[in-house]
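Now for the letters of each chain:
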Amino acid sequence: MAKPRVIYWFRTDLRLRDSPALQAALDLNPEAFWPVWTWDPHYVYRARVGVNRWQFLIDCQNDVSKSITKINKRSKLFLMREAPQTLFPKLFKAWKITHLVFEKDTDAYARDRDTEVMKIAREAGVEVIVRSGRTLWDSDQLVEKNHGKPTMSISQVQAAGPKIGNIPRPIPAPKSIPDPGETNLDFEQEQPETAPDLNSGTRKHGDKSYEKISGPNGDFSVPTLEELGFPASTSLHRGGEKIALEMLDKIIADEKYTATFEKPNTAPTDFEPQATTLLSPHLHFGSLSIREFYWRVQDVVDNYSGKASQPPVSLTGQLLFRDMYFGAQASLGYSFGQTLYNSHCRFIPWHLPSKVDHETKLVTGEYHIDSPLAEQWFQRWKYGRTGFPWIDALMRQLRTEGWIHHLGRHAVACFLTRGGCYISWERGAEVFEEWLLDHETACNAGNWQWLSCTAFYAQFYRCYSPVAFPQKWDKEGLFVRRYCPELKGLDKKYIYEPWKAPIQDQKKAGVRIQGDGEEEQEGVYPKPMFDFAERRTICLDGMKKAYGVGLYGDDPKVIDGTWRKLFDDAAEGPTEGNTFEDAMAHDADEGEKVRDGLEGGDDNDGAIQEDETGAKEKGGEIKGGDAKKGKKRKGGQGTLDAHVKKSKK
DNA sequence: CTATGGGTTGCCTAC
DNA sequence: TGTAGGCAACCCATA
């Protein structure tokens, strides 16, 4: 019998140490062994990936490639610029492959992709070996032990996990890797569908990564940002297994930190160094094994002489949350990443709701601009120009460095959704998806649902203040001064509410608090975009109302638009509730028309119609007639006074 | 069935 | 400077 000819398919497991799937591949004792990465157009064009995360991925790929070459100088990571679904059938044949091995991935798209690849392999007579390794416990098993239901609380994970068994100890990196076989390719490269390209806004020129299947030099090398058309990374956080293990070593060496870590007591305002581990991007790309992290920490905890912290606040507790979100996603699939058709996500009539294709039941990637004012708030939030320094500093840190502290994420997420703007959590999740180095679909969607009180968490009356919360950690405002340098000279008395600084103080500090942040101006910081206390009250009322109505994303009333009957106009959000009698008539239509009907857009197309550039900055346009028109049309949407009065009755 | 306590990470005021 | 209780009130697991 011929010896195995094996492709090991790297995906979110960019490491050599503690990779159960890689070990399984090597255990086949292959005659020829190709470590492969497929440059999937779905990731390149259809996922939101900012330049910093591209760099991190490339770092990880280069590092794993180097590590392979170190063990066998004839081998490396063979990066092929084509979708796996079309590449593999050709590759199986050309290289006479007998086995395909990879780590299990429960992301919704990954499942579809892998199902297709497994079918292709079966047809080609190639044996597929899949090993779980991305989470503490296999997510499907976790769901099974949770009575077949998505894991929606940490106590469920703590009950279900141990029923599967103990968390395995990490296995060492392989000491040898067999030679690859031939690497000639005598087939054509399938050209990808490049549109829509969700990353076109970041590219400075067109993507060149599909010009040749083996790369510009024909050596299967890892792409460069230049090849992808992106500018240079702006983050100092770097990827790769080597770096990840060094970081872990450093953390573990500090026994007290490791054993007594309590997440809620770490300061979100700390920078250089940050208060948490910064290992999350490595867990995402797999440059660090989750079991490696778990056991290195657990061993310190077990040997600690003092009082160690416990899950869920401890370091290992953080990993449980990750498994919880993975379990929820494994069970709910695509719907976990959106509100509509999500059986476990509460329906709240947020502003800027996602557009949904009712045939596929999936969000389209676009959204309805039901309120120009909300859109303006959203843009100001995204680019760190809200006029609230704590929020702006965090958003600027996120954009330039790709990472913010977990509690900082709480602050900006609460502010955008239930505690300020009343904008859909899905808008915020998209921004995080683009900018976070550690973006993990399951964790991102889960945490946004948590913070917006649509799932996992329900105490919506606990609301983060953009002034009081950072005061708890950083009275001097050092964090704000670092990321909003125009406020550097301001007295600490005003650092979180600069609009209160008298004009003399502003002059002394060399900053003027004026304008709406639409355009950046040297020495100018915008006024706050709303009165936070007022907005907090309005949002709280809206949440109370929506909780009372009690709809979830898969409710027929949510899908067909009749949810409006259950809301009145006192509820914040584009409800136009029971005063909008004709809305139902429009909703009888199918598909996109349903959502269009929901707009109640009859005579105001100019004000509410979004266009291709809708998500981009609109300059002064919003502020002009449109904003006024929107306000008027919504009758209370932007009229804070009316809402405040109503909320006080 | 109801009652009760807990839930990784709120804010404010009083002592 | 730290802590307790009120605030208004959510869901869920358990008894």
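Everything below is about the structure printed above this text.
Residues numbered from 1 in each chain as written. Chains lettered and ligands numbered in written order. Predicted model: local features only at pLDDT ≥ 70, side-chain atom pairs only at ≥ 80, totals over all residues. Heavy atoms only, no water.

**Student:** So, the overall build of chain A: which residues are in play, and what are the values?
**Tutor:** Counting its regular elements, chain A contains 28 helices and nine strands. The proportion of buried residues among the 649 residues of chain A is 59%. Contacts in chain A between residues at least 24 apart in sequence constitute 74% of all its contacts with a sequence separation of at least 6. Surface accessibility of chain A: about 26800 Å² in total, with carbon and sulfur atoms responsible for 50%. (Helix = DSSP H or I, 4+ residues; strand = E, 2+ residues; numbered from the N terminus. Buried < 20%, exposed > 50% of the residue type's maximum accessible area, 1.4 Å probe, protein only. Contact = heavy atoms within 4.5 Å. Areas by Shrake-Rupley, 256 points an atom, 1.4 Å probe, with all protein chains shown as cover.)

**Student:** Before we move on, could you go through the protein's contact with DNA strand B and cite the residues and values that matter?
**Tutor:** Not every one of the 18 residues close to DNA strand B is listed here, only the nearest: Pro264, Phe321, His410, Ser465 and Ala468. Among atoms of DNA strand B positioned within 4 Å of the protein, sugar and phosphate together represent 39%. Note that a base nitrogen of DNA strand B is positioned 3.3 Å from one of the side-chain N or O atoms of Gln318. Take His406: an N or O atom from its side chain is 3.5 Å from a base oxygen of DNA strand B. The element contributing the most residues to the surface near DNA strand B is helix H16 (residues 406-416), with three residues. Looking at the surface near DNA strand B residue by residue, the classes come out as eleven nonpolar, five polar and two charged. (Near = heavy atom within 4 Å. Polar contact = N/O pair within 3.5 Å; in protein donor to acceptor, adjacent residues only side chain to side chain. Nonpolar A, V, L, I, M, F, W, Y, C, P; charged D, E, K, R; others polar.)

**Student:** Can you explain the sheet that holds strand E2 (residues 32-38)? Please cite residues and give values.
**Tutor:** Hydrogen bonds along the backbone pair up the strands of a sheet, which may run parallel or antiparallel. Strand order in the open sheet formed by five strands is E3-E2-E1-E4-E5, and the pairing between neighbours is parallel. Pairing within the sheet leaves two strands with one partner each, and these edge strands are strand E3 (78-80) and strand E5 (127-131). Neighbour to neighbour, the strand axes of the sheet diverge by 30° on average, direction disregarded. With respect to the sheet, helix H4 (residues 84-94) is in contact with strand E1 (5-9), E2, E3 and strand E4 (99-103), its orientation differing from that of E1 by roughly 165°. (Pairing = 2+ DSSP bridges. Axes fitted to C-alpha atoms, helices over the stretch in contact; angles between N-to-C directions.)

**Student:** Break down the packing of aromatic side chains for me, with residues and values.
**Tutor:** In this structure the tally under the stated criterion is 42 aromatic pairs. A cation sits over an aromatic face here: Arg482 above Tyr483, 4.5 Å from the ring centre. (Phe/Tyr/Trp six-rings, centres within 6.5 Å; stacked < 30°, edge-to-face > 60°. Lys NZ or Arg CZ within 6 Å of the ring centre and 35° of its normal.)

**Student:** So what about the protein's contact with DNA strand C? Which residues, and what values?
**Tutor:** Near DNA strand C the following residues occur: Gln156, Arg346, Ala458, Gln459, Phe460, Tyr461, Lys544 and Tyr547. Each atom of DNA strand C within 4 Å of the protein was assigned to sugar, phosphate or base; sugar and phosphate come to 61%. A distance of 3.2 Å separates a phosphate oxygen of DNA strand C from a polar side-chain atom of Gln156. Tyr461 has a polar side-chain atom sitting 3.0 Å from a base nitrogen of DNA strand C. Of the residues in the surface near DNA strand C, the class split is four nonpolar, two polar and two charged.

**Student:** Just give me the short version of helix H15 (residues 389-401), but keep the residues and values in it.
**Tutor:** Between its first and last C-alpha, H15 extends 17 Å over 13 residues, near the 18 Å set by a 1.5 Å rise per residue. Taking burial as the measure, the 13 residues of H15 include eleven buried ones, the bulk of the element. A positive backbone phi angle near 80° is found at Gly402, which sits one or two residues after H15. (Expected span 1.5 Å × (residues − 1).)

**Student:** So what's going on with the side chain of Thr269? Residues and values would help.
**Tutor:** In this structure, Thr269 sits in the loop between helix H10 (255-260) and helix H11 (280-285). Under the relative-accessibility criterion, Thr269 is labelled buried at 4%. Apart from residues lying up to four places away in sequence, Thr269 is in contact with Trp390, Trp473, Asp474 and Phe479.

**Student:** Please give an account of the nonpolar core that cites residues and values.
**Tutor:** Phe293, Trp381, Phe415 and Leu487 are the most contacted members of the largest nonpolar core, which has 116 residues in total. Here this core takes nine residues from helix H13 (residues 315-332), the largest share from any one element. Mapped onto the domain boundaries, this core takes at least three residues apiece from domain 2 (242-337) and domain 3 (357-649). Not counting the four nearest positions on each side in its chain, Leu487 is found in contact with Pro389, Val480, Arg481, Ile495, Pro498, Val511, Ile513 and Tyr525. In this structure, Val6, Phe10, Phe56 and Ile58 belong to the second largest nonpolar core, which totals 37 residues. (Core = buried A, V, L, I, M, F, W, Y, C linked by side-chain atoms within 4.5 Å. Domains from an automatic or database assignment.)

**Student:** Now, about the pattern of salt bridges: what can you tell me, with residues and values included?
**Tutor:** For the coordinates displayed, the defined rule picks out 38 salt bridges. Here Asp299 makes a salt bridge to Arg169, at a shortest N to O gap of 2.8 Å. Linking Asp299 in helix H12 (residues 290-302) with Arg169 in the loop between helix H7 (154-164) and helix H8 (225-228), this pair joins segments that are 130 residues apart in sequence. By relative accessible area, Asp299 is classed as partly exposed at 27%. A relative accessible area of 46% means that Arg169 is categorised as partly exposed. Residue Glu272 is joined to Arg482 by a salt bridge in which the shortest nitrogen-to-oxygen separation is 4.0 Å. Placement of Glu272 in the loop between H10 and H11 and of Arg482 in helix H20 (residues 478-483) is noted, with a sequence separation of 210 residues between them. The exposure class assigned to Arg482 is partly exposed, which follows from its relative accessible area of 35%. (Salt bridge = Lys/Arg side-chain N within 4 Å of Asp/Glu carboxyl O.)

**Student:** Run through the packing of H13 against helix H18 (residues 441-451), naming residues and quoting values.
**Tutor:** For the pair H13 and H18, interaxial distance at closest approach is 8 Å and the crossing angle is 95°. Taken together, H13 and H18 sit at an angle that is classed as roughly perpendicular. In this structure, H13 contributes Phe321, Arg322, Met324, Tyr325, Phe326 and Gln329 to the contact, and H18 contributes Thr441, Ala442, Cys443, Gly446, Asn447 and Trp450. The class makeup of the residues in the contact of H13 with H18 is seven nonpolar, four polar and one charged. (Parallel < 35°, antiparallel > 145°, perpendicular 65-115°, else oblique.)

**Student:** Residue-level account of the environment of Lys355, with values.
**Tutor:** By the secondary structure assignment, Lys355 is in strand E6 (residues 354-357). Lys355 gets classed as buried once you look at its relative accessible area, which sits at 15%. Sequence separation between Lys355 and His368 is 13 residues; the distance between their C-alpha atoms is 6.3 Å.

Read these as spatial facts, not as claims about activity.
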